[in-house]
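Observations on chain architecture
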Amino acid sequence: MSEQRSHVYKWFIELDDGEIEQWLRSQALAGWHLKGFLMPCRFTFVRGEPSDEVYRFDSFPAWKRSADYDQLCQDAGWELVFYWWGSYCWRKPAADGQPNEIYTDTASKIARQQRLLMYFGLTGLLLIFNLLGSRDREMDTLRMVLTGGQLALVVPISYLIWRTISRLRRLRRQAL
């Protein structure tokens, strides 16, 4: 008998306060276990026994991927569900009284937010650089559509940057 699979399309950004992680946990409780993810929004699930599993997302620069980081998470009981260009999804069985977070100290949480800020900031800079460069080009229909799409991304990227900076400030105040 072949394994039963399901594909669900759901948009998410790592900065969603655990909403997607809670959704994945509820899927596991219903017997649907995350098997893979295709950017930007396709989740693949496999049918199995219902279980209480905790999911966590993390970002780490792809060029800095380290076997030490992978091993540290695995030693803490986390299983790597997928990795895609700097984005990790980890899972482990929920256990009462044990930490269900990858990062349990404030310094590590600050470092994670700084990595996210770097991603969002670089994306915003590239977007602005590309928009400024398009001023000098002749605008055909395709270029107008692409420029409009890029302009539409400026507000969400700005929001992500602002939200990440706010979290960094809050974490730094907690560290004092």
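Provided above is the structure to which this section pertains.
Residues numbered from 1 in each chain as written. Predicted model: local features only at pLDDT ≥ 70, side-chain atom pairs only at ≥ 80, totals over all residues. Heavy atoms only, no water.

Our next topic: the overall build of the protein. Secondary structure summary: the protein contains 4 helices and 6 strands in total. In the protein, the succession of helices and strands from N to C terminus is β-α-β-β-β-α-β-β-α-α. Oriented by its inertia axes, the alpha-carbon framework of the protein measures out at about 60 × 55 × 25 Å. Within the protein, the fraction of its 176 residues that count as buried is 38%. The contacts in the protein between residues at least 6 apart in sequence include a share of 61% that link residues at least 24 apart. In the form shown here, the protein has an accessible surface area of approximately 11,100 Å², with 58% of it arising from carbon and sulfur atoms. Charge separation in the protein, taken as the distance between the mean sites of 23 positive and 20 negative side-chain charges, equals 5 Å. (Helix = DSSP H or I, 4+ residues; strand = E, 2+ residues; numbered from the N terminus. Buried < 20%, exposed > 50% of the residue type's maximum accessible area, 1.4 Å probe, protein only. Contact = heavy atoms within 4.5 Å. Areas by Shrake-Rupley, 256 points an atom, 1.4 Å probe, with all protein chains shown as cover. Lys, Arg positive; Asp, Glu negative; His and termini not counted. Charge placed at Lys NZ, Arg CZ, Asp CG, Glu CD.)

With antiparallel pairing, the 3 strands of this open sheet are ordered in space as β1-β3-β2. Two strands lie at the open edges of the sheet, namely β1 (5-9) and β2 (32-38), each paired on one side alone. For this sheet, the mean angle separating the axes of adjacent strands, direction not counted, is 30°. Note: β1 against strand β3 (residues 42-47), 5 bridges, orientation antiparallel. Note on β3: the bridge partner recorded for arginine 5 is valine 46. Helix α1 (residues 19-29) contacts β1, β2 and β3 of the sheet and is inclined by roughly 25° relative to β3. (Pairing = 2+ DSSP bridges. Axes fitted to C-alpha atoms, helices over the stretch in contact; angles between N-to-C directions.)

This paragraph deals with α1. In an α-helix, one full turn covers 3.6 residues, which means residues spaced three or four apart are oriented alike. If you check which residues of α1 are buried, you get Ile20, Glu21, Trp23, Leu24, Gln27 and Ala28. Around the axis of α1, the buried residues are gathered within 160° of arc, so they sit on the same side. Contacts made by the buried residues of α1 are with β1, β2, β3 and β4 (53-59). Looking at the residues trailing α1, positive phi occurs at glycine 31, about 95°. (Arc of directions from axis to C-beta.)

Counted at 1.5 Å a residue, the expected span for helix α4 (residues 141-175) with its 35 residues is 51 Å, and the 51 Å between its end C-alpha atoms agrees. The largest bend in α4 comes to about 25°, at valine 154, with the proline proline 156 one to four residues further on. Of the residues making up α4, those classed as buried are Thr147, Gln150, Ile157, Leu160, Arg163, Thr164, Arg167, Leu168 and Leu171. (Expected span 1.5 Å × (residues − 1). Bend = angle between axes of the 7 residues up to and from the residue.)

Once that is clear, we can look at a nonpolar patch on the surface. Together, Met39, Trp84 and Trp85 give the surface a local cluster of nonpolar side chains, amounting to about 370 Å² of exposed area. By the element assignment, tryptophan 85 lies in the loop between β5 (79-84) and β6 (87-93). (Patch = residues over 30% accessible without salt bridge, like charges linked within 9 Å, V, L, I, M, F, W, Y side chains within 5 Å. Salt bridge = Lys/Arg side-chain N within 4 Å of Asp/Glu carboxyl O.)

So, about the pattern of salt bridges. Applying the stated criterion across every chain, the model contains 7 salt bridges. One salt bridge in this structure joins arginine 25 and aspartate 52, with 2.6 Å as the shortest N-O distance. Of this pair, arginine 25 sits in helix α1 while aspartate 52 sits in the loop between β3 and β4, and the two are 27 residues apart along the sequence. The network of salt bridges with shared partners includes Glu21, Arg56 and Glu101.

This part is about the nonpolar core. Grouped together as the largest cluster of nonpolar side chains are 15 residues, with contacts concentrated most on Leu24, Leu34 and Phe43. Secondary-structure elements contributing two or more residues to this core are α1, β2, β3, β4 and β5. In terms of residues, this core owes the most to one element, α1, which gives 4 residues. Ignoring anything within four residues of it in the chain, the contact list for leucine 24 reads Leu34, Phe43, Phe45, Tyr55 and Phe57. (Core = buried A, V, L, I, M, F, W, Y, C linked by side-chain atoms within 4.5 Å.)

With that settled, the discussion passes to the pairing of β6. Burial within β6 is extensive, with 6 of its 7 residues counted as buried. One ladder, built from 7 bridges, connects β4 with β6; its direction is antiparallel. Within the sheet, the bridge partner assigned to phenylalanine 57 lies in β6 and is cysteine 89. Here β5 folds back onto β6, and the loop between the two strands holds 2 residues, one of which, tryptophan 85, carries a positive phi near 40°.

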